[in-house]
Amino acid sequence: MAKEREQWRSRVGFVFAAAGSAVGLGNIWRFPTAAGLNGGGAFVLVYLILIFVIGIPLMMVELTLGRRTKRSVIGAFKVLKQGSPWWLVGALGVISGFVILSFYSVIAGWCLAYVVSYATGQFSGLSPGGIEDQFLALVSNPVIPVLWHALFMAMTIGVVILGVAKGIERWSKILMPILLVLLVVLAVRSVTLEGASEGLYWLLRPDFTRLDFLTILGALGQVFFSLSLGMGAMLTYGSYLSKKENIPGSAAYIALTDVGIALLAGLIIIPAVFAFGLDPDTGPPLIFITLPAVFQSIPLGNFFGLMFFLLISIAALTSAISLLEVVVAWSIDELGWQRRRSTILSGLAIFLLGIPSSLSEGVWADFQIIGLNILSFADSLTANLLLPLGGLLTTIFVGWVWGAKKAVGELEESGDSFAFGGVWSVLVKYVMPLILIYILYTGLFPG
Ligand code: TRP
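What counts and how
- Residues numbered from 1 in each chain as written.
- Predicted model: local features only at pLDDT ≥ 70, side-chain atom pairs only at ≥ 80, totals over all residues.
- Heavy atoms only, no water.
- Helix = DSSP H or I, 4+ residues; strand = E, 2+ residues; numbered from the N terminus.
- Buried < 20%, exposed > 50% of the residue type's maximum accessible area, 1.4 Å probe, protein only.
- Contact = heavy atoms within 4.5 Å.
- Areas by Shrake-Rupley, 256 points an atom, 1.4 Å probe, with all protein chains shown as cover.
- Lys, Arg positive; Asp, Glu negative; His and termini not counted.
- Charge placed at Lys NZ, Arg CZ, Asp CG, Glu CD.
- 1 Å grid on protein atoms, 1.4 Å probe; cavity = no way out; pocket = protein on both sides within 12 Å on 5 of 7 lines; lining within 4 Å.
- Points joined across faces, edges and corners; volume = space filled by probe spheres on them.
- Nonpolar A, V, L, I, M, F, W, Y, C, P; charged D, E, K, R; others polar.
- Axes fitted to C-alpha atoms, helices over the stretch in contact; angles between N-to-C directions.
- Parallel < 35°, antiparallel > 145°, perpendicular 65-115°, else oblique.
- Left-handed = near helix turned anticlockwise from the far one by under 90°.
- Near = heavy atom within 4 Å.
- Polar contact = N/O pair within 3.5 Å; in protein donor to acceptor, adjacent residues only side chain to side chain.
- Sits in = over half its atoms within 2 Å of the grid points.
- Core = buried A, V, L, I, M, F, W, Y, C linked by side-chain atoms within 4.5 Å.
- Phe/Tyr/Trp six-rings, centres within 6.5 Å; stacked < 30°, edge-to-face > 60°.
- Lys NZ or Arg CZ within 6 Å of the ring centre and 35° of its normal.

Engineer: Give a description of the overall build of the protein that names residues and reports values.
Structural biologist: Of the regular secondary structure elements, the protein holds 17 helices and 0 strands. Considering only C-alpha atoms, the protein reaches an extent of 60 × 50 × 40 Å along its principal axes. Taking all 447 residues of the protein together, 58% fall into the buried category. If you take every contact in the protein between residues at least 6 apart in sequence, the share linking residues at least 24 apart comes to 83%. When the accessible surface of the protein is split by element, carbon and sulfur atoms take 67% of a total near 17,000 Å². The centroid of the 25 positive side-chain charges in the protein is displaced by 14 Å from the centroid of its 24 negative side-chain charges.

Engineer: Summarise the layout of surface pockets; cite the residues concerned and give the values.
Structural biologist: Quantified by volume, the largest pocket comes out at close to 820 Å³. Leu372, Ser376, Asp379, Ser380 and Asn384 are the residues nearest the centre of the largest pocket, which is lined by 29 residues in total. Of all elements in the fold, only helix 2 (25–37), helix 10 (213–226), helix 16 (374–411) and helix 17 (421–444) reach the threshold of two or more residues within the lining of the largest pocket. A per-element tally of the lining of the largest pocket places helix 16 first, with 8 residues. Counted by class, the lining of the largest pocket contains 16 nonpolar, 11 polar and 2 charged residues.

Engineer: Hey, could you go over the packing of helix 3 (residues 41–69) against helix 16 for me, with residue numbers and the actual values?
Structural biologist: Two elements in contact, helix 3 and helix 16, have axes whose closest approach is 9 Å; the angle formed by their N-to-C orientations is 70°. With respect to their mutual orientation, helix 3 and helix 16 come out roughly perpendicular. For the element pair helix 3 and helix 16, the recorded crossing hand is left-handed. In contact with Leu58, Met60, Val61, Thr64, Leu65, Arg67 and Arg68 of helix 3, helix 16 contributes Gly391, Thr394, Thr395, Phe397, Val398, Trp402, Ala407, Glu410 and Leu411. Tallied by class, residues from the contact of helix 3 with helix 16 come to 9 nonpolar, 4 polar and 3 charged.

Engineer: Just give me the short version of empty space enclosed by the protein, but keep the residues and values in it.
Structural biologist: Summed over all chains, the structure comprises 3 cavities of 30 Å³ or more. Space inside the largest cavity adds up to approximately 120 Å³. Contributing elements (two or more residues each) for the lining of the largest cavity: helix 1 (11–22), helix 5 (87–119), helix 10 and helix 14 (301–335). The dominant element in the lining of the largest cavity, judged by the number of residues it contributes, is helix 14, at 3 residues. Taken together, the residues that form the lining of the largest cavity break down as 8 nonpolar, 6 polar and no charged. Quantified by volume, the second largest cavity comes out at close to 60 Å³. The wall of the second largest cavity is formed by Glu62, Val73, Phe77, Val89, Gly93, Gly230, Met231, Gly232, Leu235, Gly390 and Thr394. Elements represented by at least two residues in the lining of the second largest cavity include exactly helix 4 (73–80), helix 5 and helix 16. Across the lining of the second largest cavity, the residue classes break down as 5 nonpolar, 5 polar and 1 charged.

Engineer: Could you give me a rundown of the site of the ligand, with the residues and numbers involved?
Structural biologist: Around the ligand sit 17 residues in total, of which Ala22, Gly26, Tyr104, Phe225 and Ser228 are the nearest. Ser21 is positioned with one of its backbone polar atoms (N or O) 3.2 Å from a nitrogen atom of the ligand. Relative to its unbound accessible surface of 360 Å², the ligand loses 100% to contact with the protein. Under a 2 Å grid-point criterion requiring more than half of the atoms, the pocket assigned to the ligand is the largest cavity.

Engineer: So what's going on with the nonpolar core? Residues and values would help.
Structural biologist: If you look at the biggest cluster of nonpolar residues, it comprises 142 residues, and the most contacted ones within it are Phe288, Phe308, Phe309 and Trp424. In this view, Phe308 contacts Ile28, Leu182, Leu183, Leu186, Leu291 and Phe295; residues no more than four positions away in its chain are not counted.

Engineer: Quick one: what's the story with unusual backbone geometry, residue by residue and with numbers?
Structural biologist: The backbone phi angle of Lys70 is positive, close to 50°, even though this residue is not glycine. On the secondary structure map, Lys70 appears in the loop between helix 3 and helix 4. Positive phi, close to 35°, is recorded for Ile370, a residue that is not glycine.

Engineer: Any chance you could break down helix 4 for me, citing the residues and the numbers?
Structural biologist: Those residues of helix 4 lying buried are Val73, Ile74, Gly75, Ala76 and Phe77. Contact partners of the buried residues in helix 4: helix 3, helix 5, helix 11 (233–238), helix 14 and helix 16.

Engineer: Quick one: what's the story with the packing of helix 16 against helix 17, residue by residue and with numbers?
Structural biologist: Axis separation between helix 16 and helix 17 bottoms out at 9 Å; the angle between their running directions is 160°. Here helix 16 lies roughly antiparallel to helix 17, going by the angle between them. By crossing handedness, the relation of helix 16 to helix 17 is classed as left-handed. Its residues placed into classes, the contact of helix 16 with helix 17 shows 20 nonpolar, 6 polar and 1 charged.

Engineer: Go over the packing of aromatic side chains, please, and point to the residues and values.
Structural biologist: Aromatic ring pairs are defined here through the distance separating the ring centres and the angle between the ring planes. All chains considered together, the criterion is met by 27 aromatic pairs. With centroids separated by 5.0 Å and ring planes inclined at 50°, the aromatic side chains of Phe31 and Tyr47 adopt a geometry described as tilted. One end of the pair, Phe31, is in helix 2; the other, Tyr47, is in helix 3, with 16 residues separating them in the sequence. Given a relative accessible area of 0%, Phe31 falls into the buried group. Residue class for Tyr47 comes out buried when judged on its relative accessible area of 0%. With a centroid separation of 5.9 Å and 15° between ring planes, the pair formed by Tyr118 and Phe309 is classed as stacked. With Tyr118 in helix 5 and Phe309 in helix 14, this residue pair connects regions lying 191 residues apart in the sequence. The exposure class of Tyr118 is buried, given its relative accessible area of 5%. In this structure, Arg30 is placed above the aromatic ring of Phe225, and the distance from its NZ or CZ to the ring centre is 4.9 Å.

The following block contains the structure:
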């Protein structure tokens, strides 16, 4: 590549952008949903363990690989192992990015629709049942949610065209802190609702009778999805990183922010579910029904509702950007396209792929794959299979092909010595691959 690769303008800028990628619908929509479906406390416990054993070390794997090669997800494997099929791992990542963004944008579109519903006071005075009816009317409509999905993709395309520093970095820095404050306020309100304590116990006290393989698989998928791992998003962000950056420190910081926000979202949603007598295993619609009920119980609820859905739309945007960026960076580096053209064409393709997911909440609801509608299938396929597979192969590549020793060397380029280098090498070479192989194998060949 002739042109010097763009770099993050500042350390804070990178950390915010990477945290902006991690924090999104995965925390606020998917975490409470998955905790609800998988029985609460036991799920949360396994999720936390897997964050430390797999999530944080894998984030370092991806960031170093990106910084070392200064390439996007396919190029990175090609640079370190020319003429080998390892680049296919990158191809898998690009495919995962395509599929995730397609349904992610549909859900983000629902959030945008809620912004307007709040701005026009449509939830005023509705009971939780009335809110549910309104939600179902929205998502089952064959046209309206597709238009919101189109709008969300158009926004994502707009930011990605502006490029790394101007687009991604600037926005992330401004908006993330506001979201955090709002989440804290809401969590305080939710846990003080009458009847909330039952939900609190349910979320925080592990009930080991609920611990089965599906809980573990669900928790693993949540770790990958939430931390943006397993498809090269962090790898691509790492490729814009300077050698001065302390990767282990940044990875820990990003992951802990992400976990903190997911737990906050859980503390908002789950106690409210119990307080309002709703059902925690509602699935994807959960937050869209519960949250408006919480807002109704507070003064200025409409205003808070408006702010909240605006901020999650924005959190979703900073995540969507990283998903699209993987596909775009790949087409710029490997196909030699201009940024503009890559972004528009891939964005358009992703929009089209998302339409079936949108319809699957309404007219196509009966079309099911392994008992899931198209949207939930796309979600499970990526989070529970493609991302862990991508993560496994990337880990093996770094641990054994590139070599854990060299990777630790790259991690120490910043001049800070990496105190956990030994532990990390053992995790990367042995522990992470074994856990991932076990979970993937058991998931694919149950019994
Ligand atoms: N982590 C984001 C969220 O929690 C979603 C996301 C962005 C993602 N980039 C990703 C998920 C890459 C998997 C892979 O909302």
